[in-house]
Amino acid sequence: MSLRVYNTLTQTKEPFREVASGRVGMYVCGPTVYSKSHVGHMTGPVIFDTVKRYLTYLGYRVTWVVNITDVDDKLIVQAAAEGTTVKELAERVTADYLECLSALGVDGIDVMPRATDHIGEILTMIQSLIQKGFAYASDGDVYFDVTKSKDYGKLSRRDPDELQAGARVEPSSKKHHPGDFALWKSSKPGEPAWESPWGAGRPGWHIECSAMSMKYLGEHFDIHGGGVDLVFPHHENEIAQSEAFSDRTFASYWMHNGLLTKEGKKISKSDPGTVVLMSDLLKLHRADTLRALYLSSHYRRPTDYGPSRLDEISRGLQTFLHFFERYERIARRSFYDLTPPARREEIVAPADAPGWFASIVEHRRGFLDAMDDDFNTGGALGELHELVRLLNRVADSERLESTDRDQQALAAFDRGVLILRELTAILGLFRKPSQTSKVRDDRLAGSLIELLINLRARVRKEKNFALADTIRDELSKLGVALEDRPEGTTWRLIDTEIER
RNA sequence: GGCGCCGUCGCCAAGUGGUAAGGCAGAGGUCUGCAAAACCUCCAUCGCCGGUUCAAAUCCGGCCGGCGCCUCCA
């Protein structure tokens with residue numbers, strides 16, 4: 001199978017064809033930086049980060065652009081409310097956004113242009129649109145004339161005249177048509193402003209995305225993404241102004257992620273109970289848990305967030321974490337240190353490989369097929385679970401933790417684990433070692449735990465199980481879990497993420 | 001009212017014409033001094049009603065229910 005992508009423009013899954021051979025340009029609408037990121041804001045970044053990882057894995061050279069909108073009405077209002085400047089507010093909120101991205105492993109963004117750094121490009125574009133007759137100046141403002149655009153509404157399937165009938169659009173005497181939207185807004189005294197042929201003002205909401213995406217990705221690029229709520233009017237307007245400007249197709253594929261709800265309710269500023277700050281969540285949960293939340297269902301479907309949901313996901317992830325510890329016992333090497341192939345290649349089970357190796361290859365195929373099918377991360381995650389179970393079964397049946405294990409089986413198992421690493425890396429999961437490994441590296445703490453384990457082994461030998469159990473219970477209270485195995489006792493830190 | 005999305009086990013969720021992945025929770029079992037971890041077994045006919053077809057959760061029609069956008073929004 002090869003990659004197919006759902007395109008909002010055509011409402012179908014289409015085979016992926018890049019504009020320029022071997023390269024992909026991807027633009028995703030970023031935040032308007034007037035308030036800290038909440039859970040919902042990270043949906044797009046994590047999803048498109050995964051999209052980029054997968055495209056890169058397929059061999060494309062991907063350039064990913066995410067804008068920062070740092071001038072806007074909401075910023076002006078919020079800055080005034082806080083008694084600060086727009087600039088200070090924007091910088092502070094941007095810093096929070098960047099921290100969230102980094103914590104979640106969203107590290108594939110290549111360019112993060114700020115609107116205020118591109119006023120020149122924006123003005124050039126507006127002037128061109130006026131010259132071409134697509135826009136008009138009106139009392140200090142400049143508007144895009146939707147009636148001049150032959151296929152306005154093609155993305156959101158809307159008829160400009162219907163908008164008028166709906167009468168939902170604020171009639172403005174400055175506009176020729178109610179559906180016309182601002183490219184440039186005149187400013188009042190005290191507001192951030194730039195000089196323009198139409199007087200002091202600032203860019204309208206949609207124009208910066210057109211100007212910046214074209215600057216960094218060209219007039220026609222591959223993927224334009226964002227939340228579904230941006231389809232209209234934002235993306236519709238972007239298409240209209242961009243294509244009017246360039247006379248070319250703007251983006252080949254329009255990808256829209258479903259929104260996140262909080263216990264079934266829409267996350268909205270007007271309902272404070274629904275707003276959960278990402279920075280707060282990151283204190284309670286492992287980044288992988290949050291990442292897995294976004295990837296647990298298909299990106300186009302809405303996802304519901306709730307504390308119990310995160311606990312559930314965290315429990316599901318434990319299987320992997322426990323397996324990584326097991327792998328370390330077997331291979332005496334950390335799963336996190338494995339370097340898997342960075343590019344997709346065909347893997348066929350060698351004739352002399354054990355029968356179960358073919359099953360591993362099967363699951364890899366299933367994973368890749370799912371990803372090829374419009375980035376079906378939910379299905380891919382399912383394959384991962386099956387892969388781990390298979391690997392555990394192999395470790396059991398081949399007795400890989402014992403000293404007389406079969407070397408050939410071990411080698412094949414090792415290759416299987418490398419495949420697991422390869423696949424988890426595509427999803428951006430398990431990038432950093434667990435807490436347990438860190439404590440294990442701490443000589444004192446690790447040694448003390450080992451000491452207690454050794455003492456406990458002595459009393460166990462003497463059949464003093466009461467004392468042995470006391471040691472285990474007390475350690476458990478301290479957050480250390482003991483597991484007795486034929487090869488000896490192992491320990492790990494008890495997950496503090498889930499409250500039991 | 002217009003445009004669009006969705007309804008699969010208690011919960012989450014894949015599957016979009018060939019007879020229901022996976023996870024969480026639950027029950028039983030193997031292993032264990034007991035646990036833990038791991039593994040094994042069990043646990044759904046797909047909102048309702050019609051239709052098309054040899055065959056439908058998957059296609060078509062209708063109905064019921066939930067949601068998004070149409071106004072700022074990831």
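Residues numbered from 1 in each chain as written. Chains lettered and ligands numbered in written order. Predicted model: local features only at pLDDT ≥ 70, side-chain atom pairs only at ≥ 80, totals over all residues. Heavy atoms only, no water.

**With respect to the sheet that holds strand 8 (residues 201-203)**
And step 1. Strand order in the open sheet formed by four strands is 5-6-7-8, with antiparallel pairing between adjacent strands. With partners counted over all chains shown, the strands left at the sheet margins are strand 5 (135-138) and strand 8, one partner each. Geometrically, the sheet is characterised by an average inter-axis angle of 20° between neighbouring strands, direction not taken into account.
And step 2. Across four bridges, the pairing between strand 5 and strand 6 (residues 141-144) is antiparallel. When the sheet's bridge partners are listed, Ala-137 is paired in strand 6 with Val-142. (Pairing = 2+ DSSP bridges. Helix = DSSP H or I, 4+ residues; strand = E, 2+ residues; numbered from the N terminus. Axes fitted to C-alpha atoms, helices over the stretch in contact; angles between N-to-C directions.)

**Let's talk about the environment of Arg-440**
And step 1. Assignment of secondary structure puts Arg-440 in helix 14 (residues 435-441).
And step 2. Of the residues examined, Arg-440 reaches a relative accessible area of 34% and is grouped as partly exposed.
And step 3. Linking Arg-440 and Arg-492, residues 52 residues apart in sequence, is a C-alpha distance of 8.8 Å. (Buried < 20%, exposed > 50% of the residue type's maximum accessible area, 1.4 Å probe, protein only.)

**A word on the packing of aromatic side chains**
And step 1. A complete count under the given rule lists 18 aromatic pairs for this structure.
And step 2. Here the guanidinium or amino end of Arg-158 rests over the ring plane of Phe-232, the centre of that ring lying 4.2 Å away.
And step 3. Taking NZ or CZ as reference, Arg-300 lies 3.9 Å from the ring centre of Tyr-6, over its face. (Phe/Tyr/Trp six-rings, centres within 6.5 Å; stacked < 30°, edge-to-face > 60°. Lys NZ or Arg CZ within 6 Å of the ring centre and 35° of its normal.)

**As for the domain arrangement of chain A**
And step 1. On domain assignment, one finds that chain A holds domain 1 (4-304), domain 2 (313-427) and domain 3 (435-493).
And step 2. Domain 2 and domain 3 are separated by 29 Å when their C-alpha centres are compared.
And step 3. Tallying the contact residues gives five residues for domain 2 and five residues for domain 3.
And step 4. Approximately 530 Å² of surface area, both sides summed, lies buried where domain 2 meets domain 3, with 37% of it carried by carbon and sulfur atoms.
And step 5. Looking only at domain 2, the three residues that lose the most surface to domain 3 are Glu-325, Arg-329 and Glu-401, adding up to 68% of its buried area.
And step 6. One salt bridge connects Arg-492 with Glu-325, and the closest N-O pair in it is separated by 2.8 Å.
And step 7. For the pair domain 2 and domain 3, the interface holds two residue pairs in polar contact (both at pLDDT 80 or more).
And step 8. Looking at the side of domain 2 that touches domain 3 residue by residue, the class counts come to no nonpolar, two polar and three charged. (Domains from an automatic or database assignment. Contact = heavy atoms within 4.5 Å. Buried area = accessible area lost by both parts, 1.4 Å probe. Salt bridge = Lys/Arg side-chain N within 4 Å of Asp/Glu carboxyl O. Polar contact = N/O pair within 3.5 Å; in protein donor to acceptor, adjacent residues only side chain to side chain. Nonpolar A, V, L, I, M, F, W, Y, C, P; charged D, E, K, R; others polar.)

**Observations concerning the protein's contact with RNA strand B**
And step 1. Residues in contact with RNA strand B amount to 53 residues; listed here are only the nearest, Lys-74, Trp-205, Lys-266, Arg-309 and Asn-376.
And step 2. At 2.8 Å, a backbone N or O of His-298 approaches a phosphate oxygen of RNA strand B.
And step 3. Between RNA strand B and the protein, one listed contact pairs a phosphate oxygen with a side-chain N or O atom of Arg-393 at 2.8 Å.
And step 4. It is helix 12 (residues 377-397) that contributes the most residues to the surface near RNA strand B, nine residues altogether.
And step 5. Looking at side-chain class alone, the surface near RNA strand B contains 10 nonpolar, 21 polar and 22 charged residues. (Near = heavy atom within 4 Å.)

**Quick word on the packing of helix 9 (residues 287-295) against helix 10 (residues 307-331)**
And step 1. Following both chains from N to C, one finds helix 9 and helix 10 inclined at 105°, their axes separated by 9 Å at the closest point. With respect to helix 10, the axis of helix 9 lies roughly perpendicular. On helix 10, the residues touching Asp-288, Thr-289, Leu-290, Ala-292 and Leu-293 of helix 9 are Arg-309, Leu-310, Ile-313, Ser-314 and Leu-317.
And step 2. Broken down by class, the residue content of the contact of helix 9 with helix 10 amounts to six nonpolar, two polar and two charged. (Parallel < 35°, antiparallel > 145°, perpendicular 65-115°, else oblique.)

**Topic: the side chain of Arg-291**
And step 1. Residue placement: Arg-291 occurs in helix 9.
And step 2. Among the polar contacts listed, one links the side chain of Arg-291 to the side chain of Thr-50, at a separation of 3.3 Å.
And step 3. Once you skip the residues sitting within four places of it in the chain, Arg-291 turns out to touch Val-46, Asp-49, Thr-50, Arg-53, Leu-104, Gly-105, Val-106, Leu-427, Gly-428 and Leu-429.

**As for a nonpolar patch on the surface**
And step 1. A contiguous nonpolar surface patch, about 450 Å² in accessible area, is contributed by Leu-444, Leu-448, Leu-451, Leu-452 and Leu-455.
And step 2. Inspection of the secondary structure puts Leu-455 in helix 15 (residues 443-461).
And step 3. Relative accessible area serves as the criterion here: at 40%, Leu-455 is assigned to the partly exposed category. (Patch = residues over 30% accessible without salt bridge, like charges linked within 9 Å, V, L, I, M, F, W, Y side chains within 5 Å. Areas by Shrake-Rupley, 256 points an atom, 1.4 Å probe, with all protein chains shown as cover.)

**Digging into the packing of helix 11 (residues 355-372) against helix 13 (residues 407-427)**
Helix-helix packing: each pair is described by the crossing angle between the helix axes and the interaxial distance.
And step 1. At a closest axis distance of 10 Å, the pairing of helix 11 and helix 13 adopts a crossing angle of 10°. Taken together, the axes of helix 11 and helix 13 lie roughly parallel to each other. Here helix 11 contributes Trp-356, Phe-357, Ile-360, Arg-364, Phe-367, Leu-368 and Met-371 to the contact with helix 13, which in turn contributes Ala-409, Ala-412, Phe-413, Arg-415, Gly-416, Ile-419, Glu-422, Leu-423, Ile-426 and Leu-427.
And step 2. For the contact of helix 11 with helix 13, the residue count by class is 13 nonpolar, one polar and three charged.

**Notes on the sheet that holds strand 12 (residues 265-266)**
In a beta sheet, neighbouring strands pair by backbone hydrogen bonds and run either parallel or antiparallel.
And step 1. Taking strand neighbours across the sheet as the criterion, the three strands line up as 12-11-13 in an open arrangement whose pairing is mixed. The sheet is open, and its two edges are formed by strand 12 and strand 13 (303-305), each paired on a single side.
And step 2. As paired strands, strand 11 (residues 260-262) and strand 12 are joined by two bridges and run antiparallel to one another. Paired with Lys-262 across the two strands is Lys-265, which belongs to strand 12.

**Quick notes on the environment of Arg-333**
And step 1. Secondary-structure assignment places Arg-333 in the loop between helix 10 and helix 11.
And step 2. Those residues within four positions of Arg-333 in sequence are excluded, and the remaining contacts are Tyr-327, Glu-328, Leu-338 and Asp-414.
And step 3. Within polar-contact distance, the side chain of Arg-333 engages the side chain of Asp-414 at 3.4 Å.

**Things to note about the nonpolar core**
And step 1. Ranked by internal contacts, the top residues of the largest apolar core, which has 95 residues, are Phe-413 and Leu-420.
And step 2. When residues of this core are assigned to their parent elements, the largest contribution, 10 residues, is made by helix 13.
And step 3. When residues are assigned to domains, this core turns out to be shared by domain 1 (4-304) and domain 2 (313-427), each giving three or more.
And step 4. Non-local contacts of Phe-413, meaning those with residues more than four positions away in its chain, are made with Phe-323, Tyr-327, Ile-330, Trp-356, Leu-391, Val-394, Ala-395 and Leu-400.
And step 5. One finds Phe-181, Leu-183, Phe-221 and Ala-240 within the second-largest nonpolar core, a separate group that totals 37 residues. (Core = buried A, V, L, I, M, F, W, Y, C linked by side-chain atoms within 4.5 Å.)

**Things to note about helix 1 (residues 43-57)**
And step 1. Spanning 15 residues, helix 1 covers 21 Å between terminal C-alpha atoms, matching the ideal 21 Å at 1.5 Å per step.
And step 2. Counting buried residues along helix 1, 14 of its 15 residues qualify, which places the element largely inside the surrounding structure.
And step 3. A positive phi of about 105° marks Gly-59, the residue just after helix 1. (Expected span 1.5 Å × (residues − 1).)

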